[in-house]
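A closer look at the structure
Read off the chains here:
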There are 2 protein chains.
Amino acid sequence: MRTALTLVAAAILAGSGFVFSANARGVSPIAIVIHGGAGTITKADMTPAEDRAYRAELAEALQTGYAVLRQGGRAVDAVQAAIEVMELSPLFNAGRGAVFTRGGLNQLDAAIMDGATLNAGAVGAVQHVAHPIRLAYAVMTQSAHVMLVGQGAETFAWAHGFKFTPSAWFYTQRRWQAHIDGLKKLAAGSAGTPERLVSGRGWAFGTVGAVALDREGHIAAGTSTGGLTNKLDGRVGDSPIIGAGTYADDATCGASGTGTGEYFMRLDLTKSISDLMALKGWSLQKAADYMIHDRLVKLGGEDTGGVIALDAKGDIVTPFNTQGMYRGWIGADGRLTVKIYKDD
Amino acid sequence: MRTALTLVAAAILAGSGFVFSANARGVSPIAIVIHGGAGTITKADMTPAEDRAYRAELAEALQTGYAVLRQGGRAVDAVQAAIEVMELSPLFNAGRGAVFTRGGLNQLDAAIMDGATLNAGAVGAVQHVAHPIRLAYAVMTQSAHVMLVGQGAETFAWAHGFKFTPSAWFYTQRRWQAHIDGLKKLAAGSAGTPERLVSGRGWAFGTVGAVALDREGHIAAGTSTGGLTNKLDGRVGDSPIIGAGTYADDATCGASGTGTGEYFMRLDLTKSISDLMALKGWSLQKAADYMIHDRLVKLGGEDTGGVIALDAKGDIVTPFNTQGMYRGWIGADGRLTVKIYKDD
């Protein structure tokens, strides 16, 4: 477990503009970008302590992933390492601290993709795995499949040496309260018959994701989430859907989304960014901006989400149409940046 | 239930080149194309009676879907109607007659997408719903979500008036034998630790799908499957993944895939066809051929699958890189065609 000292050190680094030394032997620039969810995140809603805590966690996740890259490690490993930090943190809606389903469960989704091979692994609606991103990686590397869900995914986990984590471990009072508040707001008479969620806005906090570029020029992307507060039991969002919330292809980019996943799924948002680059020759920035600010807004409206992405040059983009997005990156220049609000 | 007489009549129609009268009031041509799976399907492996039975079922599914279109109905309804015929038939690996998972279960996947709105619904790993395509439609129209899986999907089904179907209903001796034969072929020592499937070829028979164009010019696509014989419990393939096995967009095309789904998922195969048309201006034929004969073969090799697709002009394509694909269509000319083998 991380210590308070580490958090403080990370917070200092995050604010200091500290520059990591890039390894001179690398043939490719190395870079990593992460997000901790997009939504109605404004300075007014956050205490200074909360603001600091989020920045510290983001910085620690970045440093953890970047350390893998600096040591010559693979992008997929950097992505997994960064996401595991955020899955451990109760601040984010992934692993510990996940939101609750309509039925009061923590059901977790995750995916990882290796842009070098287009190999991918994903899990949906798992309930007893502390690090869903690690299970997604195991599906990618140790099964013939891309995606496993529910009980079958947990059977696979057990067979591959994962320990089962009790439901209580994922519990946080804050997410439970949001669950109860949400249930109260549901339309009268809908208790027995799941209907449209009352709130279509601001319900999608805290999904985490990472995209990395390693010294070999390989790109990987990963995403992990508890989904939406009050989602129906068994709901699978965009995060574990290859091409929707998670995609990576060395030839174009890697990307991880966060927001109201149903729109990302219908657009295949991350694959669309890749296709715009490959088929139209658009830059990463233009392609990602178009999907978030034009296509996504036209389909779902403002306040529907954001995406992080990077390409083989190490260019990094983080467009979002919400009030804020927890985000950070260490680019080819080795500089660490962490941001939360739109005008951060 | 269909009668033997209907089957015979359908078989006669299928072989006769019977031309349906197109409705003169339509502003858009109407058309429908279906598949019943791709794989190592050769004339030598089929008895004349089996050959006739498959052609009759395909013809009946086409006629059922086409009747919806002729009466001015919607493409989504035509797709659902055609697929329900094949889900009922024990010949196809969808609904009744589905293959068995590693754990001896029938776990069903399905998706439907409306190209007019990009609305979509999908279910994964459901076990007690006779018509998964109908449940996918309910997810699209009666929930805030795109995808539900496992127990949660069944809870939703129950709340929305679906009857639960006992597991025994899905059983066929033929699929159970394939399951047992597959288990015997698994590598020694792998019983407790799911590993790569021994057979990567010919295991993907019988997924069903339909794509339709209605008089309003709207396109819809749907897919339903039991997945792969001996798949791990909880495995979700490409069929219910929007953009992988199922996609529809009025602006480009509708498409439904069949084959080794893991490759379709990593390529987002059906969305890629749409993107090649939208972003490169390729014809439907060129885009679909490229994805099946170039991209899919490069990633997974020959014998990995096929796709059916149609566009707003009513053009229909059915490329596959396998020995055969159960397929049929009624195009803008109203002519019914049913084929099975490569050189049919």
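Rules and cut-offs
Residues numbered from 1 in each chain as written. Chains lettered and ligands numbered in written order. Predicted model: local features only at pLDDT ≥ 70, side-chain atom pairs only at ≥ 80, totals over all residues. Heavy atoms only, no water. Helix = DSSP H or I, 4+ residues; strand = E, 2+ residues; numbered from the N terminus. Buried < 20%, exposed > 50% of the residue type's maximum accessible area, 1.4 Å probe, protein only. Salt bridge = Lys/Arg side-chain N within 4 Å of Asp/Glu carboxyl O. Contact = heavy atoms within 4.5 Å. Buried area = accessible area lost by both parts, 1.4 Å probe. Polar contact = N/O pair within 3.5 Å; in protein donor to acceptor, adjacent residues only side chain to side chain. Pairing = 2+ DSSP bridges. Bend = angle between axes of the 7 residues up to and from the residue. Axes fitted to C-alpha atoms, helices over the stretch in contact; angles between N-to-C directions.

Focus on unusual backbone geometry
- We note that Asp268 of chain A has phi near 45 degrees; this positive angle belongs to a residue other than glycine.
- Tracing the sequence through the fold places Asp268 of chain A in the loop between helix 7 (261-267) and helix 8 (269-280).
- Taking relative accessible area as the criterion, Asp268 of chain A reaches 0% and is therefore assigned buried.
- For Ala125 of chain B, which is not glycine, the phi dihedral falls at a positive 55 degrees.
- Looking at the element boundaries, Ala125 of chain B is found in strand 3 (residues 119-126).
- Judged by its relative accessible area of 7%, Ala125 of chain B falls in the buried class.

Points about the pattern of salt bridges
Residues and elements named next belong to chain A.
- Tallied over the full model, the rule gives 16 salt bridges over all chains.
- The residue Lys313 makes a salt bridge to Asp315 at a minimum N-O spacing of 3.6 Å.
- Look at Lys313 and you get exposed, because its relative accessible area is 58%.
- In this structure Asp315 comes out as partly exposed when scored by relative accessible area, which is 37%.

Some thoughts on the interface of chain A and chain B
- The interface of chain A with chain B comprises 51 residues on the first partner and 51 residues on the second.
- Between chain A and chain B the total buried area reaches about 4,000 Å² when both faces are included, carbon and sulfur atoms providing 60% of it.
- Of all residues in chain A, His145, Arg266 and Leu279 of chain A bury the most surface against chain B, accounting for 17% of the area lost on that side.
- Seen at the junction of chain A and chain B, the total is zero salt bridges.
- Counting across the interface, chain A meets chain B through 18 residue pairs in polar contact (both at pLDDT 80 or more).
- Listing elements by their share of the side of chain A that touches chain B, those giving two or more residues are strand 3 (119-126), helix 4 (132-142), strand 4 (147-149), helix 5 (150-159), strand 7 (235-236), helix 7, helix 8 and helix 9 (284-300) of chain A.
- Broken down by element, the residue count for the side of chain A that touches chain B peaks at six residues, all from helix 8 of chain A.
- In this sheet, strand 7 (residues 235-236) of chain B lies alongside strand 4 of chain A in antiparallel orientation, the contact comprising two bridges. What sits directly across from Met147 of chain A, in strand 7 of chain B, is Val236 of chain B.

Section: helix 4 of chain A
Residues and elements named next belong to chain A.
- Within helix 4, eight of the eleven residues are buried, which leaves the element mostly enclosed by the surrounding structure.
- Within the sequence span of helix 4, burial applies to Pro132, Ile133, Leu135, Ala136, Tyr137, Ala138, Val139 and Met140.
- Buried residues belonging to helix 4 abut helix 3 (75-88), strand 2 (108-114), strand 3, strand 4, helix 5 and strand 6 (219-225).

Here's the deal with the side chain of Thr258 of chain A
All names here are of chain A.
- With respect to the helices and strands, Thr258 occurs in strand 9 (residues 253-259).
- Residue classification places Thr258 among the buried residues on the basis of a relative accessible area of 1%.
- At 3.2 Å, the side chain of Thr258 and the backbone nitrogen of Ala38 are in polar contact.

A closer look at helix 9 of chain A
Residue and element names in this part refer to chain A.
- Met291 marks the point of greatest bend in helix 9, at about 35 degrees.
- All of the buried residues in helix 9 are Leu284, Ala287, Ala288, Met291, Ile292, Leu296, Val297 and Gly300.
- Residues of helix 9 that are buried in the fold lie against strand 9, helix 7, helix 8, strand 10 (305-311) and strand 11 (316-317).
- Phi turns positive, to about 95 degrees, at Gly301, one or two residues after helix 9.

Describing the sheet that holds strand 11 of chain A
Residues and elements named next belong to chain A.
- One open sheet accounts for four strands, arranged 8-9-10-11; its pairing is antiparallel. Edge positions in the sheet fall to strand 8 (246-248) and strand 11, since each has one partner strand and no second.
- Here strand 8 runs beside strand 9; their pairing, made up of three bridges, is antiparallel. Counterpart to Ala248 in the pairing with strand 9 is Gly254.
- Sheet strands touched by helix 8: strand 8, strand 9 and strand 10. Its angle to strand 9, the strand with the most contacts, is close to 145 degrees.
- The sheet strands contacting helix 9 are strand 9, strand 10 and strand 11, and the helix crosses strand 10 at an angle near 165 degrees.

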